[in-house]
Amino acid sequence: MCILQLFYYCYMNLKLLFTWSIYWALFFLLMLCSCSNIKSKDKIYIGFSQAMSNDDWRRSMNEAMKLQASLDHDVELIICDANNEVQKQISQIDQLIKDSVDIIIVSPILSKPITPIVQKAIDSKIPVLVVDRKTENETYTAYLGADNIEVGRIAANRIIASNSKDSINVVEITGLVGSSPAEERSLGFRKVIDGQPNIKIIETIGGNWESESIEENFKNLLNNSASVDYVFAHNDRMARGVWQVARSLGKENRIRIIGVDGLNTLNGGIQLVKDGVLEATILYPSGGEEAIKLAVEIVKNESFAKNNILTTTVIDKFNVNIMKDQYDKIYEQRAQIENQLEAIGQQQEKYYAQNNLLKVTMGLLAIIFSLALYSIYSIFTIRKKNRQLELTTNKVIVQRGQIEKIAQEVKESNEAKFNLYTGLSHEFKTPITLILSSIESILDTAKVKGIGIMSEVELIYNNSNRLLRLVNQLLDFRKLEDRKFTLRVSKTNLYTFSNTIFKDFEREAKKRNINFTIECNDEALDVYIDRNLMDKVYFNLLSNAFKFTPDNGSISISIINVFEKNIVKVYFSDTGIGIPKSEIENVFQPFFKGSNNRKNSSGMGLHLSKELVELHKGSVVVRSKQGAEFIITLFKGQGHFDENEVMLENDMVDPNQLDFGSDYFDHESYFMENEDSNSEKYSLLIIEDNSDLLLFLKNKLQIEYEIYISNGSDATEKAFEVIPDIIICDVNLPYQTGFEVCAILKRDWRTSHIPTIILTAMGGKESYLEGLQAGADLYLTKPFSYSVLMQSIQSLLFNREKLRYYYTNSINKLDAVSSFNNVEQEFLDRLNRLIKNNLDNSEFNVEQLAVDLAISRMQLYRKVKATLGINVSDYLNNFRLDKAKQLLEKTDLTVSEIAYKTGFSSPNYFSTVFKKKYGAPPNSIRI
């Protein structure tokens, strides 16, 4: 009996072991299947509709896209070639929409016919990236390509307009009519040519991008026309066709031909320039690699720009060899990458096969291992231990998750507090600077009775109120956190209440030309609100609207009585920068600051507004499309409030809360440029986005300096326009930092010589080093002393005059070896080398010097005048006279020989100017 029981027990255990073996095998098969499914699910499918692939430029774009896509295993690229047929391209894009690809890249054949199908893709929630050519409107997701207008301008400005010939005849060979590159290249080309009186476009020949389309018309033109100096063809293929026609008529050496594309192929633009067929070609990059990268960023919802412009340049005989060598290396590296990718693909196939084999082997080993471990006596013990281990593991996982959650919350809390106090410190420092500077100014001007004291006292009053309001916001935030707010609601006409606050903002709206309106469908509507608290809500929402709405924008308040319901809605709408879609749910979080917000803020205003509205049992929501719109919903009547919250008498609104934070006295006159500007005054450009500080500095400094101002939106453009003697720039600007502005100006030869003072609320070592690295000459932290600022300006100008004196008294001595290694010194070194190399050329003048420097004559005059304090003609004459004086002192050459050797047209003229400069004739120098 016992033997039978033992056999039965063994049979049951073997059956259990067999069942477990089957389970293990199924488990590993499911793992293999799930892995392959996950892999295909994570793919990014990119559909590319190529206009045509019958030319080298298009084929280069396709190859670059394929290579970039192959570098990312998660990207699947589908290329559709329309073969230059518009209807075929429309059908291909429609099929890509039906296939539900993740993104469509389109290179349109023609702009207008392709626009509707692009719109269809956008309506189908498929993003569209337009490359090379644009559609008729801008409904696409993003555009990538070179600036075709700039291509035309470069061809006209840097190649044709630089020719000093009195009369130049030009022929333009345009691309396919209706394509955006042809229209934009012609537009940019003609903008420059129309402004050159010595240049005339004698003929425009339309082509279709192929050389055969223009050869006959160009041949007729050469047979019938007087002369052609330049031909601008919209691509290299048509440019080569122009050369072939000219060569057949024996005129190829008389005509300078300019092409566009700059491909490094057998008949590409680079080879044509190298062979002397073309005068130059404008590099027009295909952007294949960049298109795939941008498409992946769009699909992954990463930040991207709508218009992505590829850089272009001129390829001529001076740089063609360098460009060709670089492209040859790029193609060689691309071939190596393709070979490596092919090898990697083979290795991956082996890896996947070996990996699957390994998994199956591991599964079988696990089965064998399980069979070996299983026994009659240990099976129940193992199960029990497994259960205990599983419980312990789950417990550890839960505890670890709780610890990670707590750590994350602590990190976010610390970051929020740090951001809060950083933001507050920036907001406090500017008002404090104005207050301290105004007080200092009052002390200075008190000695002269009745001059400018009242406006500065009022400025102190307004900024003191601004500081008080920031402190009150901190206290209100603390009250909300502690739930210590007590409502005191009273019956209030909502339109009258809103209109009162509306009028307080009207002055700011008029000053900035903002269309500020209020409307109501029931002006007799009464609601129960706490006026002081609701005023804070209105103030915060309107302050945000004015802060983020540009000049000439629109802001509106709309009060809607929903008659069929017991609610009223108040809409605050603006046309400002809006809120990113991914961040809109966080706007009411305390200390939140949007990624597109370059303004200083504490991040408490919207959170405080939401809490105050909810105290009224209402709600506030936000939506953003073009600008932002906040919607407050309040209940009518008083039934939703407690009895102790309802006041029988109306409360007065705190007048301090109605202060918008900008000065109420008339500052409009300060924005006017100085009408009686003294030509002897130094010019000073102030770049500051805080209107109070900007106006204060302008008011104080315009007595001694000619003042120009910028709020930061046009900082570099203003500097290039006026070329001031000194620049004062704030760090926190709306569009770019003061460090970036300083770096741009210091790198550009037009403004590299201008001393720059950085004003900032950031006093850390890192910020100070960043300012020095950007090229700032002085770094002042807020709050700063006005007298220190004045002395700093005077010192910088004095040092600039000393540097001018050094330059003007060191003609022929400035050496590249001893240079200061900056843009200004490099410019002077190049200027001196050109004069030295042409010293004996009497026909070498200012015009030729400007041509050799590749700049206009006016730019050369302004740069030399700003750097050296004298005009370029005097500098050229002084250079020659200084060299002549050296030759008189150190050589035995005759006066006539020296005169011709230093570039003077005659000995008599040389003697006249020499005596005028040195007070004695040349012969007296040797006595």
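As the structure is a computational prediction, the values presented were derived from the model and not from experiment.

This part is about unusual backbone geometry. With phi around 55°, Asn83 is a residue other than glycine that occupies positive phi space. Tracing the backbone through its elements, the reader meets Asn83 in the loop between strand 2 (75-81) and helix 3 (86-98). Asn83 gets classed as partly exposed once you look at its relative accessible area, which sits at 41%.

Once that is clear, we can look at the sheet that holds strand 14 (residues 515-520). Read across the open sheet, the five strands follow the order 14-16-17-19-18; overall the sheet is mixed. This sheet does not close on itself; its edge strands, each paired only once, are strand 14 and strand 18 (619-625). Looking at each pair of strands side by side, their axes are set apart by 15° on average, direction ignored. Bridge analysis of strand 14 against strand 16 (residues 554-562) gives six bridges, and the strand direction is parallel.

Right, let's talk about the pattern of salt bridges for a bit. As a working rule, side chains carrying opposite charge can pair if their charged atoms are close by. Evaluated as defined, the whole model comprises 22 salt bridges. The residue Glu63 makes a salt bridge to Lys66 at a minimum N-O spacing of 4.0 Å. Of this pair, Glu63 and Lys66 both sit in helix 2 (residues 56-71), three residues apart, which is roughly one turn of the helix. Of the charged contacts, one joins Arg512 and Asp551 as a salt bridge, the two residues approaching to 2.9 Å between their closest N and O atoms. Separated by 39 residues along the polypeptide, Arg512 in the loop between helix 14 (494-511) and strand 14 and Asp551 in the loop between helix 15 (531-548) and strand 16 bring together distant segments of the chain. For Arg512, a relative accessible area of 17% puts it in the buried group. Classification of Asp551 by relative accessible area gives partly exposed; the value is 42%. Within the structure, one salt-bridge network assembled from shared partners comprises Glu508, Lys511, Arg512 and Asp551.

Turning our eyes to something else, we now look at the packing of aromatic side chains. Scanning all chains against the criterion turns up 13 aromatic pairs. When the ring of Phe497 is compared with that of Tyr538, the centres are 5.3 Å apart and the planes differ by 85°; the resulting orientation is edge-to-face. With Phe497 in helix 14 and Tyr538 in helix 15, this residue pair connects regions lying 41 residues apart in the sequence. Like Tyr538, Phe497 is buried. Centre to centre, the rings of Phe505 and Phe539 are 6.3 Å apart; their planes meet at 50°, and the pair counts as tilted.

Over its 13 residues, helix 8 (residues 236-248) runs 18 Å from end to end, which matches the ideal 18 Å to within 8%, given 1.5 Å per residue. Burial in helix 8 covers these residues: Asp236, Met238, Ala239, Gly241, Val242, Trp243, Val245 and Ala246. Elements that come into contact with the buried residues of helix 8 comprise strand 6 (168-174), helix 7 (212-224), strand 8 (230-233), strand 9 (256-261), helix 9 (269-274) and strand 10 (280-283). Gly250 sits one or two positions beyond helix 8 and adopts a positive phi of about 75°.

Moving on, we come to the confidence of the model for the chain. The predicted model of the chain has a mean per-residue pLDDT of 80, with 80% of residues at 70 or higher. Here residues 1-11 is modelled with pLDDT under 50, and outside its nearest four sequence neighbours on either side it reaches three contacts, counting other chains as well. In this model residues 650-679 is a low-confidence stretch, pLDDT under 50, and it forms 76 contacts with partners more than four residues away in sequence or in other chains.

Relative to the elements of secondary structure, His607 occurs in helix 16 (residues 605-615). Given the relative accessible area of 9%, His607 is considered buried. In the structure, His607 is positioned 21 residues away from Asn586 in sequence and 9.7 Å away in space, judged by C-alpha atoms.

What counts, and at which threshold
- Residues numbered from 1 in each chain as written.
- Predicted model: local features only at pLDDT ≥ 70, side-chain atom pairs only at ≥ 80, totals over all residues.
- Heavy atoms only, no water.
- Helix = DSSP H or I, 4+ residues; strand = E, 2+ residues; numbered from the N terminus.
- Buried < 20%, exposed > 50% of the residue type's maximum accessible area, 1.4 Å probe, protein only.
- Pairing = 2+ DSSP bridges.
- Axes fitted to C-alpha atoms, helices over the stretch in contact; angles between N-to-C directions.
- Salt bridge = Lys/Arg side-chain N within 4 Å of Asp/Glu carboxyl O.
- Phe/Tyr/Trp six-rings, centres within 6.5 Å; stacked < 30°, edge-to-face > 60°.
- Expected span 1.5 Å × (residues − 1).
- Contact = heavy atoms within 4.5 Å.
- pLDDT = per-residue confidence, 0-100.

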